[in-house]
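# Architecture at a glance
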Amino acid sequence: MSLLRTDGLTKQFGGLVAVDDVSFEVDSGETRAVIGPNGAGKSTLINCITGALDPTAGSVEFAGADITDLSPHETVQSGISKSFQTASIFPSMTVEENVQIAALAAEHGSFRFDFLKRLSGFDAVHDTTDRMLSAVELLGDADLEAGSLPYGDKRRLEIAIALASEPDLLLMDEPTAGMSPDETAATVDLVEDLQEDLGLTILIVEHDMEVIFRISDRILVLNRGQVIADGTPEQVQDSEDVQEAYLGGVEL
Ligand code: ADP
Ligand code: MG
């Protein structure tokens, strides 16, 4: 069953068509990847789904509802969350507080810092925080200052922050960027576990082909904003258009 669907999604920046008439679906429970050379429009596509960017044309449907014109915050409340990079972490707060703030924001629409002082009253927030810290294996580090975590753990904390709203669909834009091979392997394992443990549907942009072919059920390939292939890893690998797009040394 399709959970997310875009229809003719298009985003122009002046004369540049960054996302050009993209129609694709994400089924419930699958790990769906978006790949393509640098500048292909992958991040722009994700940002049109989250509401961070307003599409120029086309629509986005999630769980049967039209979410094209929702704000980023409304999109989160509808059940879609995006894992941001380290900018979303408050470094001088603890690991636990970082996830609590995100859980509170998801419940209340916004947060005020004085909520933190009254957190003991929010059982649901505590439960969610513990479950998500445990899912990313940071429960043992709950009381550490977030800024003191090693890089790989910070990235896991970002994932826990994204999960604090208890989304049905998790969007990830290059989650292994800047990671060592060990951290990359651990993150890939984590993504696979999350999907199984939390019943998540995942839409992931990733440049590491080995990662993509290992974890994806289906892969959407973009080039210059357009869909040039869409199918299983095997189908995509065999596509002449894909091989051509990746030749010429742009990226592999
Ligand atoms: P990818 O994530 O696949 O590398 P992007 O979606 O970031 O590609 O970018 C697609 C194209 O849109 C690129 O040519 C990029 O320079 C351009 N672009 C992205 N964001 C903006 C913006 N805010 N304003 C103008 N051009 C942009
Ligand atoms: Mg990008």
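Cut-offs and rules
- Residues numbered from 1 in each chain as written.
- Chains lettered and ligands numbered in written order.
- Predicted model: local features only at pLDDT ≥ 70, side-chain atom pairs only at ≥ 80, totals over all residues.
- Heavy atoms only, no water.
- Pairing = 2+ DSSP bridges.
- Helix = DSSP H or I, 4+ residues; strand = E, 2+ residues; numbered from the N terminus.
- Axes fitted to C-alpha atoms, helices over the stretch in contact; angles between N-to-C directions.
- Contact = heavy atoms within 4.5 Å.
- Near = heavy atom within 4 Å.
- Polar contact = N/O pair within 3.5 Å; in protein donor to acceptor, adjacent residues only side chain to side chain.
- Areas by Shrake-Rupley, 256 points an atom, 1.4 Å probe, with all protein chains shown as cover.
- Buried < 20%, exposed > 50% of the residue type's maximum accessible area, 1.4 Å probe, protein only.
- Right-handed = clockwise from strand over helix to strand, strands pointing away.
- Domains from an automatic or database assignment.
- Buried area = accessible area lost by both parts, 1.4 Å probe.
- Salt bridge = Lys/Arg side-chain N within 4 Å of Asp/Glu carboxyl O.

Strand order in this open sheet of 6 strands is E6-E7-E8-E3-E9-E10, and the pairing throughout is mixed. Taken across any chain shown, the strands that pair with only one partner, and hence form the sheet edges, are strand E6 (80–83) and strand E10 (226–231). Across the sheet, the mean angle separating the axes of adjacent strands is 20° when strand polarity is ignored. Direction of pairing for strand E3 (residues 31–35) relative to strand E8 (residues 201–205): parallel, over a ladder of 4 bridges. Considered in E8, the bridge of Thr31 is made with Ile202. Contacting E6 and strand E7 (169–173), helix H5 (residues 151–163) runs over the sheet at an angle of about 165° to E6.

Around ligand 1, the neighbouring residues are Phe13, Leu16, Ala18, Pro37, Asn38, Gly39, Ala40, Gly41, Lys42, Ser43 and Thr44. The separation between an oxygen atom of ligand 1 and a polar main-chain atom of Ser43 is 2.9 Å. Considering ligand 1 on its own, with 560 Å² of exposed area, one finds that the protein chains cover 57% of that surface. If you list the elements that add at least two residues to the shell around ligand 1, you get strand E2 (16–27) and helix H1 (42–50). Considering every element that reaches the shell around ligand 1, the biggest residue donor is H1, with 3 residues.

Attention now goes to the pairing of E8. Along E8, 5 of the 5 residues are buried, which leaves the element largely enclosed by surrounding structure. Every second residue of E8 is oriented toward a common face, with Thr201, Leu203 and Val205 on one face and Ile202 and Ile204 on the other, all of them buried. Inspection of the sheet shows E7 paired to E8 by 5 bridges, in the parallel sense. By the bridge assignment, Leu171 is partnered in E8 with Leu203. In terms of handedness, the path from E7 via helix H6 (residues 181–198) over to E8 forms a crossover that is right-handed.

For Asp21, which is not a glycine, the phi torsion comes out positive at approximately 60°. With respect to the helices, strands and loops of the structure, Asp21 is situated in strand E2. In this structure, Ala63 is a non-glycine residue whose phi angle is positive, near 50°.

For the rest of this paragraph, the subject is the domain arrangement of the chain. As far as domains go, the chain holds domain 1 (1–79 + 167–252) and domain 2 (90–166). The distance between the C-alpha centroids of domain 1 and domain 2 comes to 26 Å. Between domain 1 and domain 2, the residue contacts involve 18 residues of the former and 16 residues of the latter. Between domain 1 and domain 2, roughly 1400 Å² of surface is buried when both sides are summed, and carbon and sulfur atoms account for 66% of that area. The interface formed by domain 1 and domain 2 contains 0 salt bridges. At the junction of domain 1 and domain 2, the tally comes to 4 residue pairs in polar contact (both at pLDDT 80 or more). At the level of elements, helix H2 (72–78), E7 and H6 are the ones that each hand at least two residues to the side of domain 1 that touches domain 2.

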